[in-house]
Amino acid sequence: MVNLEWYRTFKEIYKTGTLTGAAQALFISQPGVSLHLGALEHYTGYKLFERTGRKMVPTERGKVLFNVLSGPLSELESAENQFQRCAEVQTPTLSIGMCFETFQVTLEPYIADLPFNLIIRFGDYQEMVGQLEKGILDLIVTPQKGKLNTVDYEKFSKETLILVAGQKTVKAGFQTALKKKDKEVLQFWLKSQKWFGTTNDMEHLFRFWQQNFDKQPDFRPNFIVPNMHSIIRCLSSGSGLAVIPEFLCVQEVKEGLLQKLWTGYTAAQNGLYFGVRKNTPYPEQVVLLKSLFKKAMPA
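Residues numbered from 1 in each chain as written. Predicted model: local features only at pLDDT ≥ 70, side-chain atom pairs only at ≥ 80, totals over all residues. Heavy atoms only, no water.

Engineer: What should I look at first to understand the state of the cysteines in this one?
Structural biologist: If you walk through the whole model with that rule in mind, you get zero disulfides. Cysteine Cys99 is unpaired, with the sulfur of Cys249 as its nearest cysteine sulfur at 14 Å. Cys234 carries a free sulfur, and the closest cysteine sulfur to it, the one in Cys249, is 14 Å from it. (Disulfide = S-S within 2.5 Å.)

Engineer: Can you walk me through the confidence of the model for the protein chain in this structure?
Structural biologist: Any segment with low pLDDT has predicted coordinates that should not be analysed in fine detail. Predicted confidence across the protein chain gives a mean pLDDT of 87, with 95% of residues reaching 70 or more. Model confidence for the protein chain, summarised as mean pLDDT per element, is weakest for helix H4 (residues 60–88) at 75 and strongest for strand E10 (residues 258–262) at 95. (pLDDT = per-residue confidence, 0-100. Helix = DSSP H or I, 4+ residues; strand = E, 2+ residues; numbered from the N terminus.)

Engineer: Even after reading the chapter, I still don't get helix H3 (residues 30–44), so can you show me in this structure?
Structural biologist: For H3, with 15 residues, the first-to-last C-alpha span of 21 Å sits near the 21 Å given by 1.5 Å per residue. Within the span of H3, buried status applies to Gly32, Val33, His36, Leu37, Leu40 and Glu41. Following H3 by one or two positions, Gly45 has its phi on the positive side, about 80 degrees. (Expected span 1.5 Å × (residues − 1). Buried < 20%, exposed > 50% of the residue type's maximum accessible area, 1.4 Å probe, protein only.)

Engineer: I keep staring at the environment of Met228 and nothing clicks. Help me out?
Structural biologist: Relative to the helices and strands, Met228 is located in helix H10 (residues 228–236). Spatially, the C-alpha atoms of Met228 and Phe196 are 9.2 Å apart, while their sequence positions differ by 32 residues.

Engineer: For this particular structure, what's the right way to read the packing of aromatic side chains?
Structural biologist: The geometry of an aromatic ring pair comes down to the distance between the two centres and the angle between the two planes. Inspection of the entire model under this criterion finds 20 aromatic pairs. Among the aromatic residues, those joined into a cluster by ring pairs are Phe174, Trp189, Trp195, Phe208, Trp209, Phe213, Phe219, Trp262 and Tyr265. The lysine or arginine in question, Arg61, covers the ring of Tyr46, its NZ or CZ lying 3.9 Å from the ring centre. (Phe/Tyr/Trp six-rings, centres within 6.5 Å; stacked < 30°, edge-to-face > 60°. Lys NZ or Arg CZ within 6 Å of the ring centre and 35° of its normal.)

Engineer: Help me out: how do you make sense of the environment of Ser239 in this one?
Structural biologist: With respect to the element layout, Ser239 can be found in the loop between H10 and strand E9 (241–245). Look at Ser239 and you get partly exposed, because its relative accessible area is 36%. Linking Ser239 and Gly166, residues 73 residues apart in sequence, is a C-alpha distance of 4.2 Å.

Engineer: Explain the pattern of salt bridges to me, please; I cannot follow it from the model alone.
Structural biologist: Side chains carrying opposite charge are able to pair once their charged atoms draw close together. Summed over all chains, the structure comprises nine salt bridges. Of the charged contacts, one joins Glu154 and Lys294 as a salt bridge, the two residues approaching to 3.1 Å between their closest N and O atoms. Pair noted here: Glu154 is in strand E6 (residues 151–166) and Lys294 is in helix H12 (residues 283–296), with a separation of 140 residues, a long-range link. When its relative accessible area of 29% is taken as the criterion, Glu154 is described as partly exposed. For Lys260, the salt bridge is made with Glu246, and the minimal N-O distance between the two is 2.7 Å. In this pair, Lys260 is assigned in strand E10 and Glu246 in the loop between E9 and helix H11 (250–254), connecting sequence segments 14 residues apart. We classify Lys260 as partly exposed; its relative accessible area is 38%. Among the residues examined, Glu246 registers a relative accessible area of 24% and is labelled partly exposed. Here the residues in one salt-bridge network are Glu154, Lys290 and Lys294, joined through shared partners. (Salt bridge = Lys/Arg side-chain N within 4 Å of Asp/Glu carboxyl O.)

Engineer: How should I be thinking about the pairing of strand E4 (residues 117–122) in this particular structure?
Structural biologist: As defined by bridge partners, strand E3 (residues 93–98) adjoins E4 across six bridges and the pair is classed as parallel. Its bridge partner lying in E4, Ile96 is registered against Ile120. Handedness of the β-α-β unit built from E3, helix H5 (residues 100–105) and E4 comes out right-handed. (Pairing = 2+ DSSP bridges. Right-handed = clockwise from strand over helix to strand, strands pointing away.)

Next comes the structure, spelled out in structure tokens:
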């Protein structure tokens, strides 16, 4: 079945004359534009453009298709824009992406008082970057940056990864090995403990281990739980170890529910970035959201 987005992409390639120009107009990646064009050419059974250097020159079949589609697509886009203006002139709707834990410590307390609608998406960072570039998301919070020049990335915070221990964890062996600067004994002690991890992200543990022992860990967590806050709750009433961003557990460490065991020989840190399309239709709302993140996150 033909996809309407293939036609939109075809029209923009025809108008701009390049795959890059079409990608910028549609806020999607250039590979995405090529994919849409390839699918449409396969569907129609005809070559629609000749690739001459960097220019896309329409074939005769391409010119015929453009003449047929141009009017109906323009009418559809006009109706779509009018509907969007009518529906969102009072309460615009933004879609933003981030990890679940970041949402809980930043936006969750303010959701009910926001003067606009909000859709929160959680997922893989690379997936969220792609969704931002395609226009599915309006704002993302991510430690990874994409490469399209249609998106602005602003570093606003950082997360320091720390080793935490449960309230009941006996840490004498760890302290002895650390004091003696014996990495082999230290690793033996660490690997003999029970470890907690999450279902969708082992990167924190891998990064911390690589930073301090120059290799990947040769073990896997004993307990896999849904998210970082699940780890914090489990450790608060028991024993075990985990590597988590420090800003997520400041209060629990302060209250003695968790033990901040180690920041490592060298602190492992990730920069955190806002990602926003350059011509976002929601500049005021984005500014407000950014201020809430900056208020809740360490600089």
